[in-house]
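# What the coordinates show
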Amino acid sequence: MRAESTNLRIRLPVFVFVAQVTIVALYAAFVTYDDQADARFQNNRTNPMENAVYKDYPIFTDIQVIIFLGFGCLFAFFRLYGFGGMVFNLLTAAFSIQWAILVQGYFQFCHDGKIHLGVINLIYAEFACAVVLISFGAVLGKTSPLQLLVMALLEVPVFAVTEWAVLKYLKINDAGGSILIHLFACYFGLGVTFVLYRPHLNEGHAKANTSYQSDILSLIGTLFLWVFWPSFNSSLTLKGDDQHRAILHTFIGLSASTLTAFALSAMLNKNGKITISDIQNVTLAGGVTVGASVDMMITPAAAYALGMMGCIACMLGYRYLSPFLAQRFKIQDQCGIHNLHGLTGLISSAAGICAILMADEEMYGPSLYEIFSHRAPVEGDPKLHELQILIPGLQPGLGRTAQEQALFQVAAVFSTIGVSTLGGILTGFVLKLPYLAPPSDVFCFDDQLFFEVPPDYDSPLKLNNILTTDDSAA
Amino acid sequence: MRAESTNLRIRLPVFVFVAQVTIVALYAAFVTYDDQADARFQNNRTNPMENAVYKDYPIFTDIQVIIFLGFGCLFAFFRLYGFGGMVFNLLTAAFSIQWAILVQGYFQFCHDGKIHLGVINLIYAEFACAVVLISFGAVLGKTSPLQLLVMALLEVPVFAVTEWAVLKYLKINDAGGSILIHLFACYFGLGVTFVLYRPHLNEGHAKANTSYQSDILSLIGTLFLWVFWPSFNSSLTLKGDDQHRAILHTFIGLSASTLTAFALSAMLNKNGKITISDIQNVTLAGGVTVGASVDMMITPAAAYALGMMGCIACMLGYRYLSPFLAQRFKIQDQCGIHNLHGLTGLISSAAGICAILMADEEMYGPSLYEIFSHRAPVEGDPKLHELQILIPGLQPGLGRTAQEQALFQVAAVFSTIGVSTLGGILTGFVLKLPYLAPPSDVFCFDDQLFFEVPPDYDSPLKLNNILTTDDSAA
Amino acid sequence: MRAESTNLRIRLPVFVFVAQVTIVALYAAFVTYDDQADARFQNNRTNPMENAVYKDYPIFTDIQVIIFLGFGCLFAFFRLYGFGGMVFNLLTAAFSIQWAILVQGYFQFCHDGKIHLGVINLIYAEFACAVVLISFGAVLGKTSPLQLLVMALLEVPVFAVTEWAVLKYLKINDAGGSILIHLFACYFGLGVTFVLYRPHLNEGHAKANTSYQSDILSLIGTLFLWVFWPSFNSSLTLKGDDQHRAILHTFIGLSASTLTAFALSAMLNKNGKITISDIQNVTLAGGVTVGASVDMMITPAAAYALGMMGCIACMLGYRYLSPFLAQRFKIQDQCGIHNLHGLTGLISSAAGICAILMADEEMYGPSLYEIFSHRAPVEGDPKLHELQILIPGLQPGLGRTAQEQALFQVAAVFSTIGVSTLGGILTGFVLKLPYLAPPSDVFCFDDQLFFEVPPDYDSPLKLNNILTTDDSAA
């Protein structure tokens, strides 16, 4: 890595103001309110309490807590990089959401030449933001804020196009986003970190460790994610029993993986003690693993088993796969996103496919054709008419069989992984362009590079030196 | 206490995996979705937006915050036991909820041979979990994670049976759970800690103190509890005006006890300063004290007065009763649950009885027979028919008088205290069985026993030694 | 400042108990339940799920988080004043809300000689509380808890009267409270701090600085405010599309100001680094700036631009105006409330006036006369009848033109600033009365004055001394 200046005084404002002027111009030109937020569309038949905001906003605030407080605290686990973890998360999130509103708006919410904005768009944009933040986990502490903004600038459109194409052409079931969010984010992040490989960091880094306080802070982040994950996984399901099941499965999956994580952590530690980073990360594996089948009739027992399986894979990944990937494949995955989002995402995708193959009318009743809407009979099929008596609003589908739907899921998994890996690698090369202020190896995981820090910020370090000296003197 | 090995490498995984395999088998055999979460029960008359999940989920997330973030931070108040407080809370809570879903399911939600699962069951299970966590407060820092799991394993069924028996046979009013939750949890915990008595701890313990950071962390826990307590107290009331009153009373009671706590804290301190542990605990007394009458027409002024009274009792308990119980009765109540849940629970029960005795139709209108449903006339009574014109859905009751209802409340208080004390004592003896890895006295309140800790975790301690040496040298 | 005793042992309990006895007496005499919380008003046409509590309570909890956790953590930014910031916030908030329930109740919720209490009153009272807490920001660390309680005792009525008079007589549009909350609170606080001027503090204070942990804690407060600010700004709008827009605009304004704050922070720092106090405060400017026009059809682009403008004004205020005010005008504004609430409040007021001047039927449809209810035609005007066909529930208004409404807004701005400044100055003089235990200059920003502190609370300070000595020795 070149010894480049990391002074942000000019380059950060230039990027931000160019971005902001562009965004405000695009907002002015193309963004208007959606019907639910536009005063002109209210008339004497409007019931204000039926406004979509009352369905969407409670979910939105829960996801806000996940994005800003959950990720923010979780990423603050490095002893000397608490500001960086928490504050670059805020910066990246704020920019990603603004940008995603425009990009997703263009692909998904655009008609009459305008992007129509409501709280529902914000929820979609926060999903795009979650994707960027997960990828951020792979390069945490090794990237400048400018690099993070450029990463978001590139990742959001690649994600939005993939999301749009997969939903429009492959038409998959993925309520909890295991494929589109977790797998995409994971392989994009791994692509980036592969290109940004820093050989010296494989030998360990004096600042890449935690303190007692930073560990506790990060645990609080975990707890925020834990508590609100059911909202995340259930936010884009159908309303009613589907959302109800999504909440139950997410909760059950998380509880199961939490217990398993404690057991494995003690079991894999040579002193039989618990490793706190396992609690910070691996406990959450169940939330991802139930994702792809979260709204299906998989039974509570299966959600429990998925939580345990995800946790085992994630834990083994942290212990054995991550060091191996770093040494052999030059993939330095700082927060282990491949374990928490990749391996679990793959298990979740497989579980989703099994659930799809097993889904039949006996298990779901006629709702089968609502949840798996592409299995509904095509327009003109007499079966459609029959079903529409049972479910008045049922839309005609594509008449897919379970096997066909499963094949499309497989196609989505592979194409998502392919596109995201490629996108991540190309983004990695862009991040190596000059002027993006990457930290030198020695200043990785170190707040004093990009922040004015208070005098005591490295006192634990200094203190330990003194204590060590002191101990030897005594 | 025997000097037993505290290595968790084998015993924790064995317990957890046996428990998890059992739980997943029981889930597979006996747990299915309830009508609101089952796709097969949706038909052309189902309005998805009327699914019970929309009534229950907002309350559920608030209680999740209380359980995982509130208790988690509050219990992290020891200087060297932040991991233990926060992380064993997570472990115990996750296990208790899973277990309570099954046990309460068997007693309360079982029909056609199946436990029917919806978000409402999770709310009930989180109440059972709160019971375990309150009891945990009595033995915080003195128990291994394995002991905590065993305690949860035993306490949840004792609680579930008591809850079921009291509600089914005594049929009491206790919306905020002052009797069934707070009194039960308190006396169970005292029973456990009585058996686990450690004489050396009465002389003070070098690690049983706080640091500036741990105190602030614990305060954050207090604030989470403060903010979401109205949701806790109102979650199982009738919908509508009853829930409305429960929220108002809880808020008023908490505000009143908060102010009183500041005043008493300064008054009882010899330097006229505020003691931070009073703010962490005693401010919350009002939330418990209003519990048993939280949905009744007690007037806002009475809720205020109850908040003050609960606070005074709780504060005096911390100052005078807890040391006395520890010295004389071998009851070492680490977090003072007897003050925050026991004394306040008794006051609350008494207030509930008064409110029941004073309740009449003038004060409540015909709703009297909804809130005090056992006072509704029996089937066949002409008064019932009259009332059913005013309140269409009114169920026939038992025709109890106010005095009769009050006597059943008294019976519930005594039987709850009796059963929980006995259950706690027996559980205490089980916790003394071998292989449960209890910490030796010297490693109580110390994270390094069960966790891999970062190098700086005891630096405040070392630092103070240096500073003291330094001061004396200078 | 006199060297007065700061022992709280007698004076704090005396104040609190007198206040509490008075409050409970007033509650008993004058406070009853509102129709939605009173059992007697429920009858066979009542649908419990339509109780107002279900509209109001979710907003109420969000504001609770802002008040107790958001402000609490944000105010804990001083290294040695974490208890003070967080705990005096709790005390002041609890008292302000109790007091505001009574005072606002008298002015706004009183009929038949009784104050009618529901969750909606609590929301109003928490707004009054927010006013007091913002003013508290000006004098943070320089006032005793007793002074804060006296300030709340005086500020709440002045605010309640101003609010009542402005809404009743001037009848302005100010959904987000930029005028009534932010401007009032700011100028009241500046008035108080002007009178409490401490010349020595202009030379800097050894304790008036942050630590790494306190900065992170304060950031968490910022994130709580960030996440829940849309609930705050939208809580008193009309339901439906108005509230929907308020949420969108607040979110957009906050995102915009967040990005701008990062850019300006790096730009204005001589080393091109980010200053963490900018992130803690200036990121939030957009939330205030969109306030006065938050429910209007200002377009998303305008909300974005307002966020940027507010941020620029706020940032420049912190860098250049605050030091100037302290030096020249004896206004020591500890948290810079003039930047975050004053300057932004003025911009917001101006933007609100522009939005009012541009509002017409083309932009709003007939809803114009709901949002700007005073522009609705007067009783008897044939246009009113015409509009009532389009909007059945439309109330007759005052037939104001846009220009007239704008003039009333201007009048409200000036009268609010005038009253609050005067009220603040008078309150400042009251706070100088004897027996209120003001800290001496040297004990400002220092927890050990009013709290029993743990032994390590000033260890960072001591440690730095050692480290410095050590460095020079080495």
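Notes on the structure follow. (Residues numbered from 1 in each chain as written. Chains lettered and ligands numbered in written order. Predicted model: local features only at pLDDT ≥ 70, side-chain atom pairs only at ≥ 80, totals over all residues. Heavy atoms only, no water.)

Below, the discussion takes up the sheet that holds strand S2 (residues 110-111) of chain A. All names here are of chain A. The strand order across the open sheet built from three strands is S1-S3-S2, with neighbouring strands paired in mixed fashion. Both outer strands of the open sheet, strand S1 (31-33) and S2, are each paired with one neighbouring strand and no more. Sheet topology note: the S2/strand S3 (residues 114-117) ladder contains two bridges and is antiparallel. Paired with cysteine 110 across the two strands is isoleucine 115, which belongs to S3. (Pairing = 2+ DSSP bridges. Helix = DSSP H or I, 4+ residues; strand = E, 2+ residues; numbered from the N terminus.)

One pass over the structure, following the stated rule, counts five cavities of 30 Å³ or more. The volume enclosed by the second largest cavity comes to roughly 190 Å³. Listed by contribution, the elements that provide at least two residues to the lining of the second largest cavity are helix H7 (212-234) of chain A, helix H7 (212-234) of chain B together with helix H7 (212-234) of chain C. (1 Å grid on protein atoms, 1.4 Å probe; cavity = no way out; pocket = protein on both sides within 12 Å on 5 of 7 lines; lining within 4 Å. Points joined across faces, edges and corners; volume = space filled by probe spheres on them.)

So, about the packing of helix H8 (residues 241-267) of chain A against helix H11 (residues 300-329) of chain A. Axis angle and axis distance: for two packed helices, these are the angle between their axes and the distance between the axes, and together they describe the pair. Residue and element names in this part refer to chain A. The interhelical angle for the contact between H8 and H11, taken along N-to-C directions, is 40°, at an axis separation of 7 Å. Comparing the axis directions of H8 and H11 gives the class oblique. Every pair of crossing elements has a handedness; the one defined by H8 and H11 is right-handed. Residue-level inspection shows His249, Ile252, Gly253, Ala256, Ser257, Thr260, Ala261, Leu264 and Ser265 of H8 in contact with H11, the latter providing Pro300, Ala303, Tyr304, Gly307, Met308, Cys311, Ile312, Met315 and Arg319. Its residues placed into classes, the contact of H8 with H11 shows eleven nonpolar, six polar and one charged. (Axes fitted to C-alpha atoms, helices over the stretch in contact; angles between N-to-C directions. Parallel < 35°, antiparallel > 145°, perpendicular 65-115°, else oblique. Left-handed = near helix turned anticlockwise from the far one by under 90°. Contact = heavy atoms within 4.5 Å. Nonpolar A, V, L, I, M, F, W, Y, C, P; charged D, E, K, R; others polar.)

The subject of this paragraph is the interface of chain C and chain A. By a widespread convention, an interface's size corresponds to the accessible area lost as its parts come together. Facing the 72 residues of chain C at the interface are 72 residues of chain A. Carbon and sulfur atoms make up 73% of the surface buried where chain C meets chain A, a total of about 6300 Å² over both sides. It is C:Tyr212, C:His244 and C:Leu259 that lose the most area in chain C upon contact with chain A, and together they represent 13% of the buried surface on that side. The tally of links between chain C and chain A comes to zero salt bridges. On inspection of chain C and its partner chain A, the count reaches 32 residue pairs in polar contact (both at pLDDT 80 or more). When residues in the side of chain C that touches chain A are grouped by element, the largest group, 19 residues, is from helix H8 (residues 241-267) of chain C. Tallied by class, residues from the side of chain C that touches chain A come to 42 nonpolar, 20 polar and ten charged. (Buried area = accessible area lost by both parts, 1.4 Å probe. Salt bridge = Lys/Arg side-chain N within 4 Å of Asp/Glu carboxyl O. Polar contact = N/O pair within 3.5 Å; in protein donor to acceptor, adjacent residues only side chain to side chain.)

Below, the discussion takes up the pairing of S3(A). All names here are of chain A. As paired strands, S1 and S3 are joined by three bridges and run parallel to one another. Looking at S3, one finds that tyrosine 33 is bridged to leucine 117. Between the end of S2 and the start of S3, which pair antiparallel, lie two residues, with aspartate 112 showing a positive phi angle near 55°.

We now examine the interface of chain B and chain C. Counting from both sides, the interface comprises 72 residues of chain B and, opposite them, 72 residues of chain C. Between chain B and chain C the total buried area reaches about 6200 Å² when both faces are included, carbon and sulfur atoms providing 73% of it. Among the residues of chain B in contact with chain C, B:Tyr212, B:His244 and B:Leu259 are the three that bury the most area, contributing 13% of the side total. For the interface between chain B and chain C, the tally reads zero salt bridges. Counting every contact that joins chain B to chain C gives 32 residue pairs in polar contact (both at pLDDT 80 or more).

Turning to H11(A), a few remarks are in order. At A:Gly317, H11(A) shows its strongest bend, of approximately 50°. Of the residues trailing H11(A), A:Lys330 is marked for its positive phi of about 55°. (Bend = angle between axes of the 7 residues up to and from the residue.)

Within a beta sheet, neighbouring strands are joined by backbone hydrogen bonds and run either parallel or antiparallel to one another. Residues and elements named next belong to chain B. Read across the sheet, three strands follow the order S1-S3-S2 without closing on themselves; strand pairing throughout is mixed. With partners counted over all chains shown, the strands left at the sheet margins are strand S1 (31-33) and strand S2 (110-111), one partner each. Those strands touched by helix H3 (residues 82-108) are S1, S2 and strand S3 (114-117), and its axis lies near 110° from that of S3.

With that out of the way, let us pick up the side chain of A:Ser218. Position of A:Ser218 among the secondary structure elements: in helix H7. When neighbours within four sequence positions are excluded, A:Ser218 is seen to be in contact with A:Cys73, A:Leu74, A:Phe77 and A:Gln280.

Before going further, it helps to spend a moment on the relation of the copies chain C and chain A. Rotating chain C by 120° and translating it 0.0 Å along the rotation axis places it on chain A, where the RMSD comes to 0.0 Å. A rotation of that kind, with that shift, is consistent with a three-fold axis. When the interface residues of chain C are mapped onto chain A, a mere 6% of them again fall at the interface, so the copies present different faces. (Least-squares fit on C-alpha atoms with pLDDT ≥ 70 in both.)

These values are about where atoms sit, not about what they do.
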